[in-house]
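Descriptive analysis of the structure
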Amino acid sequence: MTTSLEKADGHENISTTVADHVVITTIQQTRRGLSPRHVQLMTIAGGIGVDLFVGVGGVLSKAGPLPLIIGYLIYGLGFIWPTMLNIAEMAAWLPIRGSIYELASLFVDPALGFAMGWTYFYAGAMLVCTECVDVATVMQYWNTDINPAVWIAIASYLCYFMNMVAVRWYGEAEFIMGSTKILLILGLIMATFVTMVGGNPHHDAYGFRNWKNGDTAHEYYAEGATGISLSNCICVRYAVFTIGGPDIISLSAGEIRNPRKTIPKVAKLIVGRILFFYVVGILAVGIICNSRGLGRLR
């Protein structure tokens, strides 16, 4: 089977030859305005959700820092890495609008593409609601006088506005916000290192104090090895919710410049960076916060 892409009249013709039979599918093309730097930051920052900072306290208090790190490693290396490479290969081969939905419809069945599209739409809509609520939660930490609905409305409007502008400006906005996320995590890592070696107002070199006295891993729902295993399970479940998967590359395949070169390059670099930011970020939170203490994140 061979496949070729040709542009004609603003459309992208996908010609697939199977056993001397040629099937030509014409799909309307989107504007390719995303550069490699846009895609890299979108993929990295898209995988770093606010739940890394907001919701991690609940799981940390139930499981402890070590199972949380193990959970992210299991999900990252066992699912994100191979899935990222597989989807990137398919998206680079057929960088069309709709990507995974069109591929499912073209090579499996239109019903599968239809189901995937609506399932992803529902999941994305719920994720936007979650993100807006998290924004309100963070803002309420500094100001409790303003109704949370105000922050939710502002976040919703900004999200809507960014998706209405041209793809180039959307990419620039994602690049700026993604850079801010990365700087925030790097700041957390640096602050953790400085304070743990004694660079704090009390000059207390606490090191890994919060990992001692049985605080490294907690038993969850059961005692002994079963409880520790369940702790790892809930951490994997939390990692599934917080890490944005490899779908970002495939969903933007129709808007990436020179996708045949950009997508493989980005896919090979992104997985390690996402794992680094998440694993080291979780390690930093586990060092600063006592998983059994009252001062943990919520």
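Computed from a prediction, not measured in an experiment: that's the story for all the values here. (Residues numbered from 1 in each chain as written. Predicted model: local features only at pLDDT ≥ 70, side-chain atom pairs only at ≥ 80, totals over all residues. Heavy atoms only, no water.)

Observations concerning helix H3 (residues 65–93)
- The first and last C-alpha atoms of H3 sit 40 Å apart over 29 residues, in line with the 42 Å expected at 1.5 Å per residue.
- The sharpest bend along H3 measures roughly 35° and falls at Gly76. (Helix = DSSP H or I, 4+ residues; strand = E, 2+ residues; numbered from the N terminus. Expected span 1.5 Å × (residues − 1). Bend = angle between axes of the 7 residues up to and from the residue.)

Observations concerning the UniProt feature "transmembrane region" (unreviewed entry) in the chain
- Mapped onto this structure's residue numbering, the UniProt feature "transmembrane region" (unreviewed entry) falls at residues 41–60, 66–88, 100–121, 149–170, 182–199 and 270–289.
- Annotated as 91% helix and 0% strand, the span residues 100–121 places its first and last C-alpha atoms 13 Å apart.
- Segment residues 182–199 splits into 83% helix and 0% strand. End C-alpha atoms: 23 Å apart. (UniProt positions renumbered as here; feature names shortened; annotations may be inferred.)

Some points on a nonpolar patch on the surface
- Taken together, the side chains of Trp93, Leu106, Phe107, Val108 and Leu112 make up a nonpolar region of the molecular surface, amounting to roughly 420 Å² of accessible area.
- Here Trp93 shows up in helix H3. (Patch = residues over 30% accessible without salt bridge, like charges linked within 9 Å, V, L, I, M, F, W, Y side chains within 5 Å. Areas by Shrake-Rupley, 256 points an atom, 1.4 Å probe, with all protein chains shown as cover. Salt bridge = Lys/Arg side-chain N within 4 Å of Asp/Glu carboxyl O.)

Looking at the environment of Ile154
- Of note, Ile154 is situated in helix H6 (residues 148–164).
- When the C-alpha positions of Ile154 and Cys132 are compared, they lie 8.7 Å apart, and in sequence the two are 22 residues distant.

Remarks on the packing of helix H5 (residues 110–142) against H6
- Where H5 meets H6, the axes come as close as 8 Å, and the angle between the chain directions of the two elements is 135°. Classified by the angle between their axes, H5 and H6 sit oblique to one another. Note that H5 runs across H6; the crossing there is right-handed. Contact with H5, carried on its side by Val128, Cys132, Val133, Val135, Ala136, Met139 and Gln140, involves Pro148, Trp151, Ile152, Ala155, Ser156 and Cys159 of H6 and no other residues of that element.
- Looking at side-chain class alone, the contact of H5 with H6 contains 11 nonpolar, two polar and no charged residues. (Axes fitted to C-alpha atoms, helices over the stretch in contact; angles between N-to-C directions. Parallel < 35°, antiparallel > 145°, perpendicular 65-115°, else oblique. Left-handed = near helix turned anticlockwise from the far one by under 90°. Contact = heavy atoms within 4.5 Å. Nonpolar A, V, L, I, M, F, W, Y, C, P; charged D, E, K, R; others polar.)

Quick notes on the nonpolar core
- Leu68, Tyr72, Ile243 and Ile282 are the most contacted members of the largest nonpolar core, which has 29 residues in total.
- Listing elements by their share of this core, those giving two or more residues are helix H2 (56–63), H3, helix H7 (167–196), helix H8 (224–242) and helix H10 (259–288).
- Top element by residues in this core is H10. It accounts for seven residues.
- Setting aside its immediate chain neighbours within four residues, Leu68 contacts Val56, Val59, Leu60, Cys235, Tyr238 and Ile282.
- Ala92, Ile249, Val266 and Val271 belong to the second largest nonpolar core, which has 11 residues in total. (Core = buried A, V, L, I, M, F, W, Y, C linked by side-chain atoms within 4.5 Å. Buried < 20%, exposed > 50% of the residue type's maximum accessible area, 1.4 Å probe, protein only.)

A few points about the state of the cysteines
- Under the definition given, this model contains zero disulfides.
- In this model Cys132 remains outside any disulfide bridge; the closest cysteine sulfur is found in Cys159, 6.2 Å from its own. (Disulfide = S-S within 2.5 Å.)

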